Amino acid sequence: MSLFDHKMRDLHELLQKKEVSVSDLVDESFKRISEVEGKVQAFLTLDEENARNKAKQLDEKLAGGDSTGILFGMPIGIKDNIVTKGVRTTCASKILENFDPIYDATVMQKLHNAETVMIGKLNMDEFAMGGSTETSHYQRTYNPWNLDYVPGGSSGGSAAAVAAGEVPFTLGSDTGGSIRQPAAYCGVVGLKPTYGRVSRFGLVAFASSLDQIGPITRNVEDNAYLLQAISGVDPYDSTSANLPVPNYVEQLTGDVKGLRIAVPKEYLGEGVQASVRNAILEALKVLEKLGATWEEVSLPHSKYGVATYYLLASSEASSNLARFDGIRYGYRAQGAENLIDLYKKTRSEGFGDEVKRRIMLGTFALSSGYYDAYYKKAQQVRTLIKQDFDKVFEKYDVILGPTAPTPAFKIGAQIDDPLTMYANDLLTIPVNLAGVPGISVPCGFDNGLPIGLQIIGKHFDEATVYRVAHAFEQATDYHKQKPQL
Amino acid sequence: MSRISKEQVKHVADLARLSFSEEEIEKFTTQLDAIIGFAEQLNELDTTNVEPTSHVLDIKNVLREDVAVPGLPREEVLKNAPDHKDGLFRVPSILE
C-alpha cells in the first residue's frame, strides 16, 4: 500500500489530522522514484533538495495550525516544457540543455500559491513533437505496464510517473493529443482543457493556437481539483478566457441520467483495433445502465484531421521555434563564421530529426507560392472540422470514443515512419482543432496494456466531461489496477 | 511523381536556418514528399467561401492600459546567454 493510493481529498484529511506530514508525502515520492525510476525513466530533473526543504517549511506551517487548501503539501511533477524558475527546463532538447528559467509559468505561480511541492521535471518528446517520448534528446521513458512498450507522448514522462506511483499528480501539455494519448497508454486520467481555460504563459510554445496545459492523475476527482487550481484568465496570456472557473468537484454527482451521448462512427471505424472498439462498446453499456442514452453520429471531416493538424501545427512551430538561435539562451554551436552560419550550425546541431522535419514542413507550407495551397487550405478545413463538432453539440451533451486507435506500441516500432506515428493521433487531433475539452479515462486492457475512453465536451464545459468520466470511473475498477514493477 | 525536389528542400532549409548533409537532404526530400502527398488529401474538399480558422476563441484585440511596469533585471536576462559583454548579447561579426 502506497500513500498515493489515497486520493487527494484523503491525503488532505490525513495532513489535517497530523497522521501524515508533507515530508512523509515527499519521502514516499523519492522512495518510489529510487525503486522504479531505473526502469521507467520518467524524470529528466529531480529537485530533491528544494522539495525536502519546502516540505519542512510546509510542515511547520501545518504545526502552527494554519488552515490549508486542498493542494497544500501535494507532491507534483511537471512536464519539462513548462518553465520553472531556477529549475532547468529543457523541452527534452539539446538546444535547451542548460536553460535555467528566470521566471515561472503562470501555472507554476498558481501551484506555488496553492503550496504544492514540485518533485521534478518530466521527460517528453522533444518540444512536444511526437507520440512516444522517443524523440527526447536525453532518454527513453518506458511504459510501466510493460517496459517493452512506449508510454505514449508527448507527455510520456508525466503519464508514466503517475502510473508508476512516483508522483500522484503531474502536469502535461496537449497540442494534438499529448496528454490524452499517454494517459490512455499508461492507464491514468488526463484532461486537455478547452483552449483558453488555462494560461499558456511559460509553456514553451509549439503550436500556439492548439497548445493547452492540463492535469494527469490517478482518478477523475484529483484531476478536477488540479484543473480548478490552474485555470483562469491571465494578463500574460491574451488568449486565456475571461470566464469564471466553476467548482468542478462539486459537480461530480455520479448522476448521468438523461445524458445524451454522441458516438461518431468515424471513431469506431477503420483503423480502430477490435479490442479498443469492444472496450468502448462495453463502456457505453456501463453508462446506459446509469441512465445515459447514446446514438451514432458522424464527424464527417475527422479523417482530414491529421493532415490539417500537421500543416497547421508545423507552420506555427516553424515560426515559434525561430527563437532558438543560440543568441539569448540555450546551446550555441562553435566555429561559426558569421551570424547566419551561427544560426544554421546552432539549430542543426541543437534540434533532433522530428523537430527539423516539422520546421521544414511548416516553413514549406508558409513559404511564398505554397501558403494558399497548404496553410490557408488547412485553416479552412479546420473550420469544417470545428463545425462538425458544433453541429453534434447542438443535440448531444458529450461525444464518446476511444482516445487512441490501439493500445501502446512497442518501443522502436514506428520511430522511422512519421506518417504511421502521426496516425496514432487520429482521434485526439480534431479535439484540439475544434478547441473543445477532452479527457481520457481507463476503460479496459488488451494483453495487459491499458485502453483509454475519450470523453469530449462543449467549449468550457469541463464540468460535464468530468461528471461523465467520474460516473464511469465509479462504476468500474480499471483505475484501481496498478502495474507490477 | 515527386511533389518536392531536392533543390526545393535546400531552399526551405535555408529559409528555416537549417543546414543538412547531402544524405540528410535525400532523406528529408523523401519524407517531406510523403507527408505533403498525405496532406494533399485536403484537396478532395471544396473550401470555396469557407472562412479560415486561425484560432477557436471569439477573442479579438485584447487591450490593456498603457502603463509601464519594471522589466526583467539585465543580469538575469543575460544569465542564459552563451556569450555576452558589457551587458549586451554578443554575436559573431555581422558586417563583412
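Structure's up top.
The structure contained in this document is the topic of the report that follows. (Residues numbered from 1 in each chain as written. Chains lettered and ligands numbered in written order. Predicted model: local features only at pLDDT ≥ 70, side-chain atom pairs only at ≥ 80, totals over all residues. Heavy atoms only, no water.)

Details of the layout of surface pockets
All names here are of chain A. What the largest pocket holds in volume is close to 590 Å³. Val-83, Phe-99, Tyr-103, Arg-323 and Tyr-329 are the residues nearest the centre of the largest pocket, which is lined by 24 residues in total. For the lining of the largest pocket, the class distribution of residues is 16 nonpolar, 2 polar and 6 charged. (1 Å grid on protein atoms, 1.4 Å probe; cavity = no way out; pocket = protein on both sides within 12 Å on 5 of 7 lines; lining within 4 Å. Points joined across faces, edges and corners; volume = space filled by probe spheres on them. Nonpolar A, V, L, I, M, F, W, Y, C, P; charged D, E, K, R; others polar.)

Things to note about the side chain of A:Asp211
All names here are of chain A. With respect to the helices and strands, the residue Asp-211 is situated in the loop between strand E5 (189–192) and strand E6 (212–217). The buried charged residue Asp-211 lacks any salt bridge, with Arg-200 as its nearest oppositely charged partner at 5.0 Å. Of note is the side chain of Asp-211, whose polar atom sits 2.6 Å from the side chain of Thr-175. Among the polar contacts listed, one links the side chain of Asp-211 to the backbone nitrogen of Phe-206, at a separation of 3.0 Å. In contact with Asp-211, other than residues within four places in its own chain, are Asp-174, Thr-175, Tyr-195, Arg-200, Leu-203, Ala-205 and Phe-206. (Helix = DSSP H or I, 4+ residues; strand = E, 2+ residues; numbered from the N terminus. Buried < 20%, exposed > 50% of the residue type's maximum accessible area, 1.4 Å probe, protein only. Lys, Arg positive; Asp, Glu negative; His and termini not counted. Salt bridge = Lys/Arg side-chain N within 4 Å of Asp/Glu carboxyl O. Polar contact = N/O pair within 3.5 Å; in protein donor to acceptor, adjacent residues only side chain to side chain. Contact = heavy atoms within 4.5 Å.)

Side note on the interface of chain A and chain B
Tallying the contact residues gives 61 residues for chain A and 54 residues for chain B. Together chain A and chain B conceal approximately 5,200 Å² of surface at their shared face, both sides included; 68% is due to carbon and sulfur atoms. Between chain A and chain B we count 4 salt bridges in total. Viewed at the interface, chain B and chain A are joined by 22 residue pairs in polar contact (both at pLDDT 80 or more). Those elements that place two or more of their residues in the side of chain A that touches chain B are helix H9 (305–320), helix H10 (339–350), helix H11 (353–366), helix H12 (371–395), helix H13 (418–423) and helix H14 (429–434) of chain A. Per-element tally for the side of chain A that touches chain B: the top contributor is H12(A), with 10 residues. (Buried area = accessible area lost by both parts, 1.4 Å probe.)

Side note on the packing of aromatic side chains
Residue and element names in this part refer to chain A. Overall, the coordinates contain 18 aromatic pairs over all chains when judged by the stated rule. Ring centres 5.9 Å apart and planes at 70° place the aromatic pair Phe-127 and Phe-351 in the edge-to-face group. In this pair, Phe-127 is assigned in the loop between strand E3 (117–122) and helix H5 (156–163) and Phe-351 in the loop between H10 and H11, connecting sequence segments 224 residues apart. The pair formed by Phe-127 and Phe-351 is uniform in burial state, with each residue classed as buried. Between Phe-324 and Phe-351 the ring centres are 6.3 Å apart and the planes differ by 85°, which places this aromatic pair in the edge-to-face class. Taken together, the positions of Phe-324 in the loop between H9 and H10 and Phe-351 in the loop between H10 and H11 put the pair 27 residues apart, joining distant regions of the chain. (Phe/Tyr/Trp six-rings, centres within 6.5 Å; stacked < 30°, edge-to-face > 60°.)

Brief notes about the pairing of strand E10 (residues 438–446) of chain A
Residue and element names in this part refer to chain A. For E10, the tally of buried residues reaches 8 of 9 residues, placing the bulk of the element in the interior. Sheet topology note: the E5/E10 ladder contains 3 bridges and is antiparallel. Bridging from a neighbouring strand, Lys-192 pairs with Gly-438 of E10. As judged from the 8 bridges shared by E10 and strand E11 (residues 449–456), these two strands associate in the antiparallel manner. Residue pairing in the sheet places Pro-442 in a bridge with Gly-452 of E11. (Pairing = 2+ DSSP bridges.)

Side note on the sheet that holds E11(A)
Residue and element names in this part refer to chain A. Spatial ordering of the open sheet is given by E1-E3-E2-E4-E6-E5-E10-E11-E9-E7-E8, a layout of 11 strands whose pairing is mixed. Each of the sheet's edge strands pairs with one partner strand only, and the pair in question is strand E1 (43–46) and strand E8 (293–297). In this sheet, adjacent strand axes meet at a mean angle of 30° when their direction is disregarded. Docked against the sheet, H5 engages E1, strand E2 (75–79), E3, strand E4 (169–174) and E6, running at close to 155° with respect to E4. Against the sheet, H12 contacts strand E7 (260–264), E8, strand E9 (398–402) and E11, and its axis sits at roughly 120° relative to E9. (Axes fitted to C-alpha atoms, helices over the stretch in contact; angles between N-to-C directions.)

Here we look at empty space enclosed by the protein
Residue and element names in this part refer to chain A. For the coordinates displayed, the defined rule picks out 4 cavities of 30 Å³ or more. Here the largest cavity defines a volume of roughly 80 Å³. Lining the largest cavity are Trp-145, Val-162, Ala-163, Cys-186, Gly-187, Val-188, Arg-218, Pro-442, His-479, Gln-481, Lys-482 and Pro-483. For the lining of the largest cavity, the class distribution of residues is 7 nonpolar, 3 polar and 2 charged. Here the second largest cavity is characterised by a volume of approximately 60 Å³. By residue class, the composition of the lining of the second largest cavity is 4 nonpolar, 7 polar and 2 charged.

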